[in-house]
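In case you want the letters, here they are:
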Amino acid sequence: AQSVTQLGSHVSVSEGALVLLRCNYSSSVPPYLFWYVQYPNQGLQLLLKYTTGATLVKGINGFEAEFKKSETSFHLTKPSAHMSDAAEYFCAVSVVSAGKSTFGDGTTLTVKP
Amino acid sequence: ETGVTQTPRHLVMGMTNKKSLKCEQHLGHNAMYWYKQSAKKPLELMFVYSLEERVENNSVPSRFSPECPNSSHLFLHLHTLQPEDSALYLCASSQAMGYEQFFGPGTRLTVL
């Protein structure tokens, strides 16, 4: 079985500041890891994913995440926040061989001017 | 149309009505999902279909009835709903179970 924990249901940053959204996972086999973003009144959209290979993955809108196996983490970062980054962010873990995906509870990002 | 579409986008229904939500994916995917997203609550997986077979049903009340007539279409039939069923209902698809999911825009359901 796999699980995912997003630390902090709400994160607030100033425009131009670093964005750091935390995600820790648990999986008995090598997982696939995903970050999704949801803007108000919309569905979720894939930001980036880690499957195998390079542990630093880059996504859309300047976001990136690093897979750290030793820390069982997949934190999402962006060097400089923009007002348009305000949204809800979901981390997800999958075990493809079992066909199972689990989503975190989400983190709401607020960007202050 | 591309991606995953959902209709209607908004639905208001009484507790005695019967309605259906429709989802269509234009991605050639083999797995489709229904999620419920309520305010202040985590995303709840309701049903999963793989190759048109239901493979997961997460203790969802029988007033919600899914149907997957083919790999491109997914329906959620609703009857005698309760006010607490008011939520955003999201449909998603993926190449296969466990792969990244592509979401539709959702149907905002209000039960009066």
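As shown above, the structure is provided for reference.
Summarised in this report is the structure supplied together with it. (Residues numbered from 1 in each chain as written. Chains lettered and ligands numbered in written order. Predicted model: local features only at pLDDT ≥ 70, side-chain atom pairs only at ≥ 80, totals over all residues. Heavy atoms only, no water.)

Moving on to the pattern of salt bridges. Residues and elements named next belong to chain B. Summed over all chains, the structure comprises four salt bridges over all chains. The salt bridge involving Arg-63 is made with Asp-85; its shortest N-O contact spans 2.7 Å. You can see Arg-63 sitting in the loop between strand 6 (53–57) and strand 7 (64–70) and its partner Asp-85 sitting in the loop between strand 8 (73–79) and strand 9 (87–94), a full 22 residues away along the chain. By relative accessible area, Arg-63 is classed as buried at 19%. (Salt bridge = Lys/Arg side-chain N within 4 Å of Asp/Glu carboxyl O. Helix = DSSP H or I, 4+ residues; strand = E, 2+ residues; numbered from the N terminus. Buried < 20%, exposed > 50% of the residue type's maximum accessible area, 1.4 Å probe, protein only.)

Right, let's get into the state of the cysteines. Each disulfide is one covalent bond, formed between the sulfur atoms of two cysteines. Residues and elements named next belong to chain A. Scanning the model with the defined rule gives two disulfides over all chains in all. The disulfide partner of Cys-23 is Cys-91, and the S-S distance across this bridge is 1.9 Å. Sign of the S-S torsion, about -65 degrees for the bond between Cys-23 and Cys-91, identifies this disulfide as left-handed. Pair noted here: Cys-23 is in strand 3 (residues 19–26) and Cys-91 is in strand 9 (residues 87–95), with a separation of 68 residues, a long-range link. Judged by relative accessible area, Cys-23 falls into the buried class, the value being 0%. Looking at Cys-91, the relative accessible area reads 0%, which means it is buried. (Disulfide = S-S within 2.5 Å.)

Here the focus is the sheet that holds strand 8 of chain B. All names here are of chain B. Here four strands make up an open sheet; going across it, the order is 1-3-8-7 and the pairing antiparallel. Two strands lie at the open edges of the sheet, namely strand 1 (4–7) and strand 7, each paired on one side alone. Across the sheet, the mean angle from the axis of one strand to that of its neighbour is 20 degrees, orientation sign disregarded. Examined bridge by bridge, strand 7 and strand 8 share five bridges and lie antiparallel to one another. (Pairing = 2+ DSSP bridges. Axes fitted to C-alpha atoms, helices over the stretch in contact; angles between N-to-C directions.)

Right, let's get into the environment of A:His10. Residue and element names in this part refer to chain A. By the element assignment, His-10 lies in strand 2 (residues 10–14). For His-10, a relative accessible area of 60% translates into the label exposed. Expressed as a C-alpha distance, the spacing of His-10 and Thr-108, which sit 98 residues apart in the sequence, is 4.7 Å. A polar atom in the side chain of His-10 sits 3.2 Å from the side chain of Ser-9. (Polar contact = N/O pair within 3.5 Å; in protein donor to acceptor, adjacent residues only side chain to side chain.)

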